[in-house]
Amino acid sequence: MTIQTIKTTAYNDQKPGTSGLRKSVKHFKKPDYLQTFVQAIFNTLEGIEGSTLVLGGDGRYFNREAIQIILRMAAAAGFGKVLLGQGGILSTPAASNLIRKYAALGGIILSASHNAGGPEGDFGIKFNGRNGGPAAESLTEAIFATSQTIEEYRIAPIQPIPLDKTGHYELAGMSIEVIDPVDDYLELMESLFDFDKISALLQSDNFKMRFDAMHAVTGPYAHRILEERLGAPTGTVLHGAPLANFGGGHPDPNQAHAKELMSLLYARNGNIDFGAASDGDGDRNMILGKHFFVTPSDSLAILAANATVAPAYRNGIAGIARSMPTSQAPDRVAAKLGLPCFETPTGWKFFGNLLDAGRITLCGEESFGTGSDHVREKDGLWAVLFWLNLLAEKQDSVENIVRKHWAEYGRNYYSRHDYEEIDLKAANELFSTLQDQLPELAGKTFGKRTVSSADNFAYTDPVDGSVSKNQGIRILFADGARIIFRLSGTGTQGATLRVYLESYEADSSKHDQDVQEALADLIETAGQLARIEEFTGRETADVIT
Ligand code: G1P
Ligand code: ZN
């Protein structure tokens with residue numbers, strides 16, 4: 001078969017952000033926009049000839065069309081085989097697992113994670129390498145550089161293949177296996193957790209759970225694992241059918257966007273004991289108890305403190321890592337267990353080297369991401385199963401488990417305030433205003449707290465020595481409190497300012513405060529220092545988690 005070479009014009013805006021290239025669907029539909037980026041990936045990779053590529057996405061609008069294009073380009077590039085999720089579906093952690101398990105060269109995951117979908121929504125594409133993890137910065141930069149000089153792309157003139165049945169196809173010298181997206185992932189989860197115990201819990205009359213798949217990718221995974229395999233009653237999984245526009249919702253598992261789940265867990269006479277949700281591509285998780293929200297930072301700390309309940313971690317863990325803005329709750333667990341605790345920049349890719357080197361077992365981010373060395377992505381359902389394993393072992397409520405943890409380690413009050421779609425220029429001015437103040441902040445007192453240091457976070461990877469600068473402005477207080485400012489690297493409209501607030505309380509008689517009240521003085525200080533209202537035009541944040 002002759003491969004077609006199509007002339008094209010390079011784009012100059014294909015720079016991958018925190019997690020791949022993310023743009024509006026409209027943007028992706030510009031002439032050859034997707035093709036140019038895919039060709040940039042293929043031109044940058046080494047060792048394509050005869051190798052395996054994993055391919056799938058979160059089912060959002062444009063997923064199916066994009067898959068057909070990528071299949072044809074993969075054939076033209078010389079891949080030997082593509083492992084494709086049935087229906088074009090693969091959750092991000094399931095794709096990571098497939099890459100590792102079948103020794104693929106890498107995978108292309110089509111997702112804009114928690115961003116809205118549909119013709120007016122967003123689309124995204126990310127490349128994961130041999131270890132199953134997001135491409136390192138050096139690779140994404142090389143892809144970006146290549147994308148700016150692309151003059152043509154190569155494509156095999158083959159017909160679309162049926163996506164909805166499992167099966168085997170041979171096209172232009174490349175084989176395509178359309179595989180069940182859940183099978184391998186289920187097998188992995190069975191190897192990590194005590195399924196008998198979890199199953200008994202889910203089938204007991206005293207325990208009720210709801211899992212909100214938010215009409216996104218985890219629907220098929222949750223139906224199969226929680227309801228079919230573990231025997232949770234039908235109806236445990238809400239919004240389980242993946243829809244191209246996520247039912248018009250925002251597939252982001254937090255208190256603001258998982259409204260129905262929140263109202264079930266917070267119902268006055270409600271009887272649901274455990275609630276959980278996952279995002280568009282299945283890598284995020286939210287954990288809820290009855291009338292109780294577990295911050296993702298606490299969740300990581302609690303899973304680390306109790307890791308040995310799960311068969312996979314029975315012999316203990318090697319270390320913990322958290323992204324810089326994530327609360328310091330995990331650090332306290334690491335200190336008590338005598339384990340190393342690493343502080344990395346925001347984004348899962350920074351955990352890859354530590355996981356590969358065996359220096360950490362668990363890691364997480366405040367942005368509803370938790371994971372371990374079982375794959376190289378955060379993993380929503382893994383976190384849910386881990387919590388179920390913990391609940392089954394402790395025979396206690398979510399709230400009690402968290403409160404006991406605070407009593408032992410102290411409580412890190414924590415919240416993130418997001419100012420969305422603000423003017424890019426104003427955002428930059430806000431940051432330079434902050435940056436200018438950094439040298440003079442140490443020693444200054446704001447209300448009851450004194451600044452101990454202030455800087456712009458830079459990270460040196462302890463494994464390969466690479467340095468990542470400008471990873472967020474940190475204002476650290478002597479009492480352990482922190483204010484952190486960052487600009488989002490995943491938004492597609494204007495700029496999003498994220499302000500992260502944390503304070504520490506050791507005294508368990510003071511663990512019952514309202515979070516926003518406990519952080520009120522820090523919120524005020526953050527507003528003053530960054531002149532937030534002046535630069536954003538907003539009195540309060542748009543989204544508070
Ligand atoms: C956000 C989160 C970050 C996460 C990323 C991908 O990135 O803050 O922790 O890794 O999404 O899920 P941001 O928009 O802040 O750059
Ligand atoms: Zn995601």
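Computed from a predicted model, the values in this text were never measured in an experiment. (Residues numbered from 1 in each chain as written. Chains lettered and ligands numbered in written order. Predicted model: local features only at pLDDT ≥ 70, side-chain atom pairs only at ≥ 80, totals over all residues. Heavy atoms only, no water.)

Draft legend 1. Expanded view of the overall build of the protein. A tally of helices and strands in the protein yields 18 helices and 27 strands. Expected size for 545 residues packed as a compact globule is a radius of gyration near 24 Å; at 23 Å, the protein falls within 12% of this value. Across its three principal directions, the C-alpha atoms of the protein cover 75 × 60 × 40 Å. In the protein, which comprises 545 residues, the proportion classed as buried is 59%. Within the structure as shown, the protein displays about 20400 Å² of accessible surface, and the carbon and sulfur contribution to it stands at 46%. Positive and negative side-chain charges of the protein, numbering 51 and 68 respectively, have mean locations separated by a distance of 1 Å. (Helix = DSSP H or I, 4+ residues; strand = E, 2+ residues; numbered from the N terminus. Rg over C-alpha atoms; globule rule 2.2 N^0.38 Å. Buried < 20%, exposed > 50% of the residue type's maximum accessible area, 1.4 Å probe, protein only. Areas by Shrake-Rupley, 256 points an atom, 1.4 Å probe, with all protein chains shown as cover. Lys, Arg positive; Asp, Glu negative; His and termini not counted. Charge placed at Lys NZ, Arg CZ, Asp CG, Glu CD.)

Draft legend 2. Here's a closer look at the coordination of the zinc ion (ligand 2). All of the protein donors around the zinc ion (ligand 2) are Ser 113 (OG), Asp 279 (OD), Asp 281 (OD) and Asp 283 (OD); their distances to the metal are 2.0 to 2.1 Å. Site description for the zinc ion (ligand 2): donor spacing in sequence, S-x165-D-x1-D-x1-D. Here the residue Ser 113 occupies a position in the loop between strand S5 (106–110) and strand S6 (122–128), and Asp 281 occupies one in the loop between strand S12 (274–278) and strand S13 (285–289), the gap between them amounting to 168 residues. Grouping residues by exposure puts Ser 113 and Asp 281 together as buried. (Donors = N, O, S within 2.8 Å, 3.2 Å for Na, K, Ca; no water.)

Draft legend 3. Representation of the side chain of Arg 22 within the structure. Within the element layout of this structure, Arg 22 appears in strand S2 (residues 21–24). No salt bridge is formed by the buried Arg 22; the nearest opposite charge belongs to Asp 281, separated by 6.1 Å. If we ignore the near neighbours within four places in the chain, the residues touching Arg 22 are Phe 28, Ser 111, Ala 112, Ser 113, His 114, Asn 115, Phe 123, Gly 124, Thr 490 and Thr 492. (Salt bridge = Lys/Arg side-chain N within 4 Å of Asp/Glu carboxyl O. Contact = heavy atoms within 4.5 Å.)

Draft legend 4. Looking closely at unusual backbone geometry. A positive phi angle, close to 60°, is found at Asp 32, a residue other than glycine. Within the fold, Asp 32 resides in the loop between helix H1 (25–28) and helix H2 (33–44).

Draft legend 5. Region of interest: the site of ligand 1. Around ligand 1, the surrounding shell holds 15 residues, and the nearest of these are Thr 18, Ser 367, Gly 489, Thr 490 and Arg 498. Within the side chain of Glu 365, one N or O atom sits 2.7 Å away from an oxygen atom of ligand 1. The side chain of Arg 498 places a nitrogen or oxygen atom 2.6 Å from an oxygen atom of ligand 1. Isolated, ligand 1 exposes 380 Å² of accessible area, and the fraction of that covered by the protein chains is 99%. When the residues that make up the shell around ligand 1 are grouped by side-chain class, the tally is no nonpolar, eight polar and seven charged. (Near = heavy atom within 4 Å. Polar contact = N/O pair within 3.5 Å; in protein donor to acceptor, adjacent residues only side chain to side chain. Nonpolar A, V, L, I, M, F, W, Y, C, P; charged D, E, K, R; others polar.)

Draft legend 6. Representation of helix H10 (residues 296–305). For H10, a buried count of nine out of 10 residues is recorded, marking the element as mostly surrounded by other parts of the structure. Those residues of H10 lying buried are Pro 296, Ser 297, Asp 298, Ser 299, Leu 300, Ala 301, Ile 302, Leu 303 and Ala 304.

Draft legend 7. Representation of the packing of H2 against helix H3 (residues 63–77) in the model. One can describe the packing of H2 onto H3 by two numbers: an axis separation of 11 Å at closest approach and a directional angle of 35°. In this structure, the crossing between H2 and H3 has a hand that is right-handed. Facing Leu 34, Gln 35, Val 38, Gln 39 and Phe 42 of H2, the residues of H3 in contact are Ala 66, Ile 69, Ile 70, Met 73, Ala 74 and Ala 77. Residues that form the contact of H2 with H3 fall into these classes: nine nonpolar, two polar and no charged. (Axes fitted to C-alpha atoms, helices over the stretch in contact; angles between N-to-C directions. Left-handed = near helix turned anticlockwise from the far one by under 90°.)

This is a description of form; function is not addressed.
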